Amino acid sequence: SEHDSSDDIEAEPSNANETESSREESADGSSPAEMTDGGSDDETESGQTGTSDDAGGEVDGESKQDQLEEVRENPEGEQLTSDHGVKITDTDNSLKASERGPTIMEDFHFREKMTQFDHESIPERVVHARGTGAHGYYQPYEDPDLGEYDDISELTKASFLQDSDRKTPVFTRFSTVVGSRGSADTVRDVRGFATKFYTEEGNWDLVGNNMPVFFIQDAMEFPDLVHAIKSEPDDAIPQAASAHDTFWDFASLKPEITHMLMWLLSGRALPRSFRMMQGFGVHTFRFVNEDGESVFVKFHWEPKLGTNQLVWDETQKIAGKNPDFNREGLYEVIDEGYEPEWELGVQIVEEDEADQFDFDLLDPTKIIPETEVPVRPIGKMVLNERPDNFFAEVEQVAFHPGNVVPGIDFTNDPLLQGRLFSYQDTQLNRFNSANWDEIPINRPVTERHNNQRAGFMRQEINTGKASYKPNSIGDDYPEEVPEEEGGYEHFAEKIDGRKIRNRSESFEEHFSQARLFWNSMTETEKQNIVEAAHFELGKVDRMEIRERTVYDLFNNVDHEFATRVAEGIGVEPPEEPGDEIPDHDDEDPSLSMLNRTRDTIETRKVAVLVDDGYDADHLETIQSTLEDEGARVEIVSKLLGDVEAANGETVDADESHGTTESVLFDAVYVPGGEGSVDALVEQGTAKHFVAEMFKHKKPIAAAGEGTELLEAVELPGINVANDREGVVTDRGVVMAPNGADLEGASEAFVDAIAAHRHWDRDPKEVGA
Ligand code: HDE
């Protein structure tokens, strides 16, 4: 888009939130910022030392990082003390009555150390327990294209969304939903995408997901949903999975869940990385401007690297090989100087246009199709700093959709309304105190003055005698702030009605958008959804649950879909389409992930398989081409240590066959060199590496004798180009036999990686 800001990021210091403190180097001490540059200019090198004021974007007020710096503690060069500051002589031996005698109660150091340990854990989040987070900033675009509006101030008075010179510090936490804190990253699940904006008007929490709709329509149903989807209550099995009876029992009885099921069965539930997924506010919110006028708004996060997925078999293997795959991926790239970036977009609907849709804007099981209302990008979020301490920052960050600032307001979406209660309540459970907002990661960067002064673990020392209002003793401070001066005023929506425990009729249609989703998928994506349903329902023991899901839900989405699912799970295919099947064949191309891949290989990880005797030219050419494009290259050999090229040069293997696996990479390259390839052909693990890359639809390239390894693997349907001249590319397999143009082959490989996955490989010939 015109806002594609890949250039901006180069021109700016990579770390606008930098303090003068000890944060000058990334964890491995290397110079970062190189990943973003596409090999070009020097400005990127300045990444670590830049100050914010030369970048056309000052961080708001007191930067969050400055504030956090005040509470950072660093033991380097320091003496060991107790919690109360007493220097400690020995932290290995408890105090005993004689050398072999009992431990003595007066050993305050032992008691303190053990007590701290005994109390180290806090309750994990009841949902979204597993996650990771990073610091960064939000910056509005200079001239966003707002359609009929000239300026974003016509829409909202939230000033941090207006001034393109202003950077608002943020902290974003990504999460899975169902699994416990220690579960794996790559399970089939929704991903949380929660951002705390530390604005000059207070904190705004945009607590969203990577899917734009939700399972249910009313907060009242949430405990049931979560009980059903989490592990079953009698045996706590399965972990981090929806593929079991209780979830599908609940689902099959709740037709409003159908649209969300489509998303959950799709590749959206298997993100390649947190930096390659969209985010959505889900609910319809309100923007309110200076004149008190309101429009409806949906929030979208669009990743700069495109929206990409893993394949199912791969996710399951990664869950064993590296359960931290997504969490680690975020920190790896930040450490290497790359700054994950998302565009914030809005869909705007005028109050008097709200009735034009055939669904209710307050129904969280519905999207506003982009074919009806375009998404207008208004700014970008950049994540550029990992936390120093996981517990203090990621575990203790506490989000609350009720945290809004002037210019942003709620709607009556009954799911959102319920969340406004739940998040405060859940933080009370997690922190055991209403003072969770005083924890450094949760504190706003604004001043805070009110009459809340007590409670467990109060940190602030609030001075003065009057802790009530009105008061005369303290001149009636802190004073209330009129709306014109920045006080938060709730939008004065007119409400007129009777109390009623019911669901609006406008929430009753459940299949139209599920059908829209299905129709918008490519055949590949449809097949993936069907196979996902075969797995999920195949794990359900009770036949009546499988049948109900097919007949009552899927057959009301699409008859062919229901039939294909039924055939794989031993259910008699329905004879006729369901009674409630929607009467339309609408499509929205923006729903297909395959339309959301972007032409970039930034941060992709490529393995180069070598053994002694490899061709050093091949390695050098591919390494420089890929790294210039921002990809990361790792040398993989049978064992760690030096590997020697045919010309006598050496390279240090980054990983061995014992420490890594193909599923942890995006692509593989096999350089030539007779000795190397002869050895690889004899190594089962090397052959498996390539075969599995093929199975998972990932790009493969081989140069010179390297193609012999592909031949040995017998890639199904691929004619290995050993006896041909020139570069041959076939379904993401790039082959450059000896004498072929190496540069051309490297470029073809770059294109194949940018395409992400090569779904045109015959699914029946999955090799490996
Ligand atoms: Fe949440 N949700 N949720 N949720 N949610 C929580 O709050 C809840 C919903 C979301 O990284 C909890 O601090 C209810 C929708 C994210 O710390 C809890 C309902 C969306 C996170 C809670 C919903 C979300 C949470 C658990 C239905 C997308 C992780 C721990 C009415 C728009 C935030 C916590 C983080 C976490 C309740 C539905 C997103 C229990 C009652 C819809 C990203 O308060």
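Throughout this description, residue numbers start from 1 for each chain and increase along the sequence as written. Residues qualify for local features only when their pLDDT is at least 70, as the model is predicted, and side-chain atom pairs are given and counted only at 80 or more; totals for whole chains, interfaces and linings, by contrast, use all residues.

Description of the nonpolar core
Note on soluble globular proteins: their nonpolar side chains tend to be buried together. The criterion, for reference: Among buried residues, those of type Ala, Val, Leu, Ile, Met, Phe, Trp, Tyr and Cys that are joined through C-beta atoms within 7 Å form a set called a nonpolar core. Residue burial here comes from a neighbour count, namely the number of other C-beta atoms, placed from the backbone, that lie within 10 Å of the residue's own C-beta, with 20 or more meaning buried, 12 or fewer meaning exposed, and in between meaning partly exposed. Helical segments are the DSSP runs of H or I of at least four residues, strand segments are the runs of E of at least two, and each set is numbered from the N terminus. Residue ranges assigned to each domain were obtained from an automatic or database domain assignment.
In this structure, M260, L261, M262, V297 and V565 are the most contacted members of the largest nonpolar core, which totals 112 residues. Here the element with the most residues in this core is helix α6 (residues 258-265); it accounts for six residues. For this core, the two domains that each supply at least three residues are domain 1 (131-255 + 269-439) and domain 2 (516-595).

Overview of the site of the ligand
Note the cut-off: Near, for a residue, is defined by distance from a backbone-placed C-beta atom to a molecule or strand, with 6 Å as the limit that must not be exceeded. Lys, Arg, Asp and Glu make up the charged group, whereas Ala, Val, Leu, Ile, Met, Phe, Trp, Tyr, Cys and Pro make up the nonpolar group; the residues left over, Gly among them, are polar.
The environment of the ligand is made up of 25 residues, and the closest members are R125, H128, G192, A219 and V282. Those elements that provide at least two residues to the shell around the ligand are β3 (166-176), β4 (191-199), β5 (202-209) and α10 (414-431). Among the elements that line the shell around the ligand, the one with the most residues is α10, at six residues. Of the residues contributing to the shell around the ligand, the split by class is 13 nonpolar, nine polar and three charged.

Here we look at the packing of helix α4 (residues 222-229) against helix α5 (residues 245-252)
We count it as follows: Axes, fitted as lines to C-alpha atoms, cover a helix only where it is in contact. Angles between the N-to-C directions of the axes lie from 0 to 180 degrees. Oblique is the label for any angle not under 35 degrees, not over 145, and not in the 65 to 115 range, which are roughly parallel, roughly antiparallel and roughly perpendicular in turn. It is the C-beta atoms, placed from the backbone, that decide contacts: two residues are in contact if theirs lie within 7 Å.
At their nearest, the axes of α4 and α5 sit 6 Å apart, and the two run at 140° to each other. Between α4 and α5, the crossing angle belongs to the class labelled oblique. When α4 is examined against α5, the residues D224, L225, A228 and I229 are found in contact with a partner set consisting of T246, F247, D249 and F250. Residue classes in the contact of α4 with α5 are distributed as five nonpolar, one polar and two charged.

Things to note about the UniProt feature "domain: Catalase core" (unreviewed entry) in the protein
Filter applied, for reference: UniProt positions are given in the numbering used here, feature names are shortened, and annotations may be inferred rather than shown by experiment.
UniProt feature "domain: Catalase core" (unreviewed entry): in the numbering of this structure it lies at residues 81-477. For residues 81-477, helix accounts for 20% and strand for 19%, while the C-alpha atoms at its two ends are 41 Å apart.

Things to note about helix α16 (residues 674-682)
As a reminder of what qualifies: What the arc describes is the spread of directions from the helix axis to the C-beta atoms.
Residues of α16 that are buried: S676, V677 and L680. For α16, the angular spread of the buried residues around the axis is 90°, confining them to a single face. At its buried positions, α16 is contacted by β12 (605-609), α17 (684-695) and α18 (706-713).

Side note on the pairing of strand β8 (residues 294-303)
Consecutive side chains of a regular strand alternate in pointing toward one face of the sheet and then the other. The test is simple: Pairing between two strands is assigned when DSSP locates at least 2 bridges connecting them.
Taken across its 10 residues, β8 has 10 buried, putting it largely inside the fold. Taking every second residue as pointing to the same face, both faces of β8 are buried, with S294, F296, K298, H300 and E302 on one and V295, V297, F299, W301 and P303 on the other. Here strand β6 (residues 279-280) runs beside β8; their pairing, made up of two bridges, is antiparallel. Its bridge partner lying in β8, G279 is registered against W301. When strand β7 (residues 285-288) meets β8, the two strands line up antiparallel, connected through four bridges. Of the residues in β8, the one forming a bridge with R286 is F296. In textbook terms, the turn of a hairpin is the stretch between consecutive antiparallel strands, and for β7 and β8 this stretch comprises five residues, one of which, G292, has a positive phi near 80°. Pairing of β8 with strand β9 (residues 341-350), which is carried by nine bridges, proceeds in the antiparallel orientation. Looking at the pairing, F299 lines up with V346 of β9.

Section: the sheet that holds strand β18 (residues 700-703)
Sheet architecture is open: seven strands sit in the order β16-β13-β12-β17-β18-β20-β19, paired in mixed fashion. Here the strands that pair on one side only, and so sit at the sheet edges, are β16 (655-656) and β19 (728-730). Sitting on the sheet, helix α19 (residues 742-754) is in contact with β17 (667-670), β18, β19 and β20 (733-736), with an inclination near 175° to β20.

Quick look at the pairing of strand β2 (residues 131-140)
Within β2, 10 of the 10 residues are buried, which leaves it mostly tucked inside the rest of the structure. Side chains G131, G133, H135, Y137 and Q139 of β2 all project onto a buried face; the interleaved residues T132, A134, G136, Y138 and P140 project onto the opposite face, where all are buried too. When β2 meets β3, the two strands line up antiparallel, connected through eight bridges. The residue of β3 that forms the bridge with Y138 is T168. Pairing geometry for β2 and strand β10 (residues 376-385), over six bridges, is antiparallel. The partner of P140 across the bridge, within β10, is G379.

Observations regarding the packing of α6 against helix α11 (residues 512-520)
For the pair α6 and α11, interaxial distance at closest approach is 7 Å and the crossing angle is 25°. Accordingly, the angle class assigned to the pair α6 and α11 is roughly parallel. Where α6 abuts α11, its residues T258, H259 and M262 lie against Q513, A514, F517 and W518. Of the residues in the contact of α6 with α11, the class split is four nonpolar, three polar and no charged.

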